[in-house]
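Remarks on the overall topology
The primary structure of each chain is shown beneath.
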Protein chains: 2
Amino acid sequence: MPELRKDPIIGRWVIIATDRSKRPMDLQVPAPEIRGGFCPFCPGNEDKTPPEIMAYRRNGGKPDSSGWHLRVVPNKFPALQIEGDLDRRGEGMFDRMNGLGAHEVVIESPDHTKSTAGLSEKELEEVLWAYRDRMLDLKKDKRFRYILVFKNHGSAAGASLEHSHSQIIALPIVPKRVSEEIEGSKRYFAYKERCVYCDIVRQELESGVRVIQENRRFIAVSPFTPRFPFETWLMPKTHQSNFEDILKEEIEQLAQILKDLLLRMETVLNCPPFNFLLHTAPINDKDSEYYHWHFEIIPKLTKVAGFEWGTGFYINPTPPEEATKFLREAQIMP
Amino acid sequence: MPELRKDPIIGRWVIIATDRSKRPMDLQVPAPEIRGGFCPFCPGNEDKTPPEIMAYRRNGGKPDSSGWHLRVVPNKFPALQIEGDLDRRGEGMFDRMNGLGAHEVVIESPDHTKSTAGLSEKELEEVLWAYRDRMLDLKKDKRFRYILVFKNHGSAAGASLEHSHSQIIALPIVPKRVSEEIEGSKRYFAYKERCVYCDIVRQELESGVRVIQENRRFIAVSPFTPRFPFETWLMPKTHQSNFEDILKEEIEQLAQILKDLLLRMETVLNCPPFNFLLHTAPINDKDSEYYHWHFEIIPKLTKVAGFEWGTGFYINPTPPEEATKFLREAQIMP
């Protein structure tokens, strides 16, 4: 019998298929290919992006010169624009404002052919530091309420360039899904005086059935109510609401478990297109007791579309307990 | 400058690109093909589906025989199962219940090659009557709280069979997106003592900039805050919370405008894959003053994926005012 499961944070019900559950071989989609050709993110083409915002260079070279190992540039086709003010206004009953915001690209490596999973732990740490450095800087801009970090890998997951990169968007609003999590975790805290994510971490560690991997500081779990097959969450084991407060040791541990997890996904799902997103507390919601930052990693394996968008109702053909087993048992080459 | 727009019902902000907006030719995706081969929905193969729930036949033939022009059967691979009870239970802090529900398929025509847009108005009326007849029957089952009617057309939009069909799911819960609309329209009603959808209909008819088409009873509009390019809503002009209370004249008018709209989409977007969904009031929320049933039609043109799912944040590259113009000016062959 299929099962209906309720997300303990936002209260969404998800259908988990149990009878005819889909295994990795039923779900595999073509792996994103490296086609090559001209790439504005490759070393030597620094003048093909807008001037860099920051870069990590060991050689002390000039901005927009080669020799970097990580580079952050404004998105050449930004979804939002950095200049101006919000100019909130109405159109009859409707509300609008200027599409103000920042839209940046983190070029994760000079090597065109490396996927995020292929980065060394050290390189992945630098990517995580870059997220943090940019968040700290963008938070200073009083027009912004939220900073979103995310990655699209493969065109099926929305990437328009194949050279490995992540994106950072600073927004004058808190996105809906994040505010739902905030509201939900506030409600839970009001009832229990505990962080709902901390409780999830505790219960998952005790039961073990959905723990894919853990290290000193983090666990990777298949959530109880995944919307998508092999959806995975990475959570700090101890309470922390704001990603930017991460300690150096935690960055190392996070890079280690993130790389491990992405390699497991590559092995089990044949290098799938995927998205990952960082959910952290809104800018004006510092050090909250109820919210807990985490990464969500979603391989793009299924074609479900407008139905889910239109109803908020998800049918997941792979129980998270089975996804966990596949990922846990994957033989990976570190 | 891009624009941030706020949905007046559920409060979600959407980014509308304005500078480099995408026109239909930038968005076209391959049209779903008719490949043929064995089809369990074709006449003569009635024994390849589970026994029919109902059918419209003019010849008075027996159930599961040929001669039907519309047929409703249980989904052979249902997302939910009809037998049993809910058995709500916990797993520590988590909640689950049996995946109880109905999952039916409306085979819209005996003709394998006809798309929904290709049905005559008369045939489309029968499809709408079938939705209503099934809703009335399913509502009698006290275990259900919501009945969802939707359609996936083309594999990119989630259809696994090409023979034109819609789906009906009866659920023991109200899906999240619908309850958000209910809550939002209740809030609006508490403030204004008017239905938010009625206000939208009124404002859109007055301004005209987002009205694609109208007839006596319905309007087709590009909503002020579409999440997707060419997303379109069909709304009754006068207040009505429950689809099943639709009058005969309204069915005729709805079939007319739905066919017209689907033909416009086929012309402008080259027969795109699409989803449509009916949002109607929950079973236990009869004759409400605040809710207003409507159809949402979403062509599947963009690849946006986990980012939107993970954030609830949408970037739409086509302003609805431009989508309206393209659809309004389409030369269609009725």
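Residues numbered from 1 in each chain as written. Chains lettered and ligands numbered in written order. Predicted model: local features only at pLDDT ≥ 70, side-chain atom pairs only at ≥ 80, totals over all residues.

Looking at the interface of chain B and chain A
Each partner contributes residues to the interface: chain B has 57 residues there, and chain A has 56 residues. The residue inventory of the side of chain B that touches chain A, partitioned by class, reads 29 nonpolar, 14 polar and 14 charged. As paired strands, strand 6 (residues 94-98) of chain A and strand 1 (residues 3-6) of chain B are joined by four bridges and run antiparallel to one another. Opposite Asp95 of chain A, over in strand 1 of chain B, you have Lys6 of chain B as the bridge partner. (Contact = placed C-beta atoms within 7 Å. Nonpolar A, V, L, I, M, F, W, Y, C, P; charged D, E, K, R; others polar. Pairing = 2+ DSSP bridges. Helix = DSSP H or I, 4+ residues; strand = E, 2+ residues; numbered from the N terminus.)

So, helix 5 (residues 248-269) of chain A
Across its 22 residues, helix 5 of chain A extends 31 Å between first and last C-alpha, which sits within 8% of the 32 Å expected from 1.5 Å per residue. A positive backbone phi angle near 60° is found at Asn270 of chain A, which sits one or two residues after helix 5 of chain A. (Expected span 1.5 Å × (residues − 1).)

Here's the deal with the packing of helix 2 (residues 121-138) of chain A against helix 5 of chain A
All names here are of chain A. Taken N-terminus to C-terminus, the directions of helix 2 and helix 5 make an angle of 115°; their axes are 9 Å apart at the nearest point. Like other packed secondary-structure pairs, helix 2 and helix 5 cross with a definite hand, here right-handed. Side by side, helix 2 and helix 5 meet where Glu121, Leu124, Glu125, Leu128 and Trp129 of the first sit next to Ile251, Glu252, Leu254, Ala255, Gln256, Leu258 and Lys259 of the second. Among the residues forming the contact of helix 2 with helix 5, the class breakdown is seven nonpolar, one polar and four charged. (Axes fitted to C-alpha atoms, helices over the stretch in contact; angles between N-to-C directions. Left-handed = near helix turned anticlockwise from the far one by under 90°.)

Details of the sheet that holds strand 15 (residues 314-316) of chain A
The five strands are arranged 15(A)-2(A)-1(A)-6(B)-5(B) in an open sheet whose pairing can be described as mixed. The two strands at the open ends of the sheet, each matched to only one other strand, are strand 15 of chain A together with strand 5 (89-91) of chain B. If you compare each strand with its neighbour and ignore which way they point, the axes differ by 30° on average. One ladder, built from three bridges, connects strand 2 (residues 13-16) of chain A with strand 15 of chain A; its direction is parallel. For Ile16 of chain A, the partnering residue across the bridge sits in strand 15 of chain A and is Asn316 of chain A.

Considering the nonpolar core
Residues Tyr146, Ile147, Leu234 and Leu261 of chain B are the most contacted members of the largest nonpolar core, which totals 94 residues. Ranked by the residues each element gives to this core, the list is headed by helix 5 (residues 248-269) of chain B, at nine residues. Counting 93 residues, the second largest nonpolar core, distinct from the first, contains Ile107, Leu138, Ile200 and Ile297 of chain A. (Core = buried A, V, L, I, M, F, W, Y, C linked by C-beta atoms within 7 Å. Buried ≥ 20, exposed ≤ 12 C-beta atoms within 10 Å, placed from the backbone.)

Points about the relation of the copies chain B and chain A
Taken as rigid bodies, chain B and chain A are interconverted by a rotation of 180° and an axial shift of 0.0 Å, the fit giving an RMSD of 0.0 Å. Look at the turn and shift together and you get a two-fold axis relating the two. Relative to the rotation axis, the C-alpha of Trp309 of chain B is the closest in chain B, positioned 4.1 Å from it. Most of the interface of chain B is mirrored in chain A, where 98% of its interface residues are also at the interface. (Least-squares fit on C-alpha atoms with pLDDT ≥ 70 in both.)

Notes on the domain arrangement of chain A
Residue and element names in this part refer to chain A. The assigned domain composition of chain A is domain 1 (40-173) and domain 2 (175-334). Distance from the C-alpha centre of domain 1 to the C-alpha centre of domain 2: 22 Å. Residue-level contacts link 26 residues of domain 1 with 25 residues of domain 2. The set of elements that each furnish at least two residues to the side of domain 1 that touches domain 2 consists of helix 2 and strand 8 (146-153). If you tally residues by element for the side of domain 1 that touches domain 2, the top one is helix 2, at nine residues. Of the residues that constitute the side of domain 1 that touches domain 2, the class distribution is 16 nonpolar, four polar and six charged. (Domains from an automatic or database assignment.)

Thoughts on the environment of Ser120 of chain B
All names here are of chain B. Locating Ser120 in the fold gives a position in the loop between strand 7 (102-107) and helix 2 (121-138). Judged by C-beta crowding, with 12 C-beta atoms within 10 Å, Ser120 ranks as exposed. Sequence separation between Ser120 and Glu52 is 68 residues; the distance between their C-alpha atoms is 23 Å.

Some thoughts on helix 3 (residues 176-192) of chain A
Residues and elements named next belong to chain A. Between its first and last C-alpha atoms helix 3 spans 24 Å; for 17 residues at 1.5 Å apiece the expected length is 24 Å, and the two agree. Listing the buried residues of helix 3 in full gives Val178, Glu181, Ile182 and Ser185. Projection of helix 3 onto a plane perpendicular to its axis shows the buried side chains occupying an angular sector of 100°, all on one side. Exposed residues on helix 3 whose side chains face more than 90 degrees from its buried face are Ala190 and Tyr191. At the exit of helix 3 stands Glu193, carrying a positive phi of roughly 55°. (Arc of directions from axis to C-beta.)

Re the sheet that holds strand 4 (residues 68-74) of chain A
Residue and element names in this part refer to chain A. The antiparallel open sheet is built from ten strands, whose spatial order is 3-4-7-9-8-13-14-12-11-10. Two strands bound the open sheet, and with one partner strand each, they are strand 3 (54-57) and strand 10 (211-214). For this sheet the average axis-to-axis angle between neighbouring strands, irrespective of direction, equals 15°. Of the strands in this sheet, strand 10, strand 11 (218-221), strand 12 (232-236) and strand 14 (294-299) touch helix 4 (residues 196-207), which is tilted by about 75° from strand 11.

Thoughts on the environment of Val221 of chain A
All names here are of chain A. Secondary-structure assignment places Val221 in strand 11. For Val221, a count of 25 C-beta atoms within 10 Å translates into the label buried. Measuring from C-alpha to C-alpha, the distance between Val221 and Ile246 comes to 20 Å, with 25 residues separating the pair along the chain. Those residues in contact with Val221 that sit more than four places away from it in its chain are Glu204, Arg210, Val211, Ile212 and Trp233.

Points about the pairing of strand 6 (residues 94-98) of chain B
Residue and element names in this part refer to chain B. Here three bridges tie strand 5 to strand 6, and the two strands are oriented antiparallel to one another. Bridge assignment links Gly90 to a residue of strand 6, and that residue is Asp95. The loop that links strand 5 with its antiparallel partner strand 6 comprises two residues; one of these, Gly92, has a positive phi angle of about 60°.

Digging into unusual backbone geometry
You will see that Asp87 of chain A, though not glycine, has its phi angle at about 50°, which is positive. Note that Asp87 of chain A resides in the loop between strand 4 and strand 5 (89-91). Given 11 C-beta atoms within a 10 Å radius, Asp87 of chain A is considered exposed. One non-glycine residue, Glu193 of chain B, lies in positive phi territory at about 55°. Along the polypeptide, Glu193 of chain B turns up in the loop between helix 3 (176-192) and helix 4 (196-207).

A closer look at the pairing of strand 2 of chain A
All names here are of chain A. Side-chain alternation along strand 2 places Trp13 and Ile15 on one buried face and Val14 and Ile16 on a second face that is also buried. Here strand 1 (residues 3-6) runs beside strand 2; their pairing, made up of four bridges, is antiparallel. Each residue of the ladder has a partner; that of Glu3, found in strand 2, is Ile16. Adjacent in sequence and paired antiparallel, strand 1 and strand 2 are bridged by six residues, among which Gly11 carries a positive phi angle near 80°.

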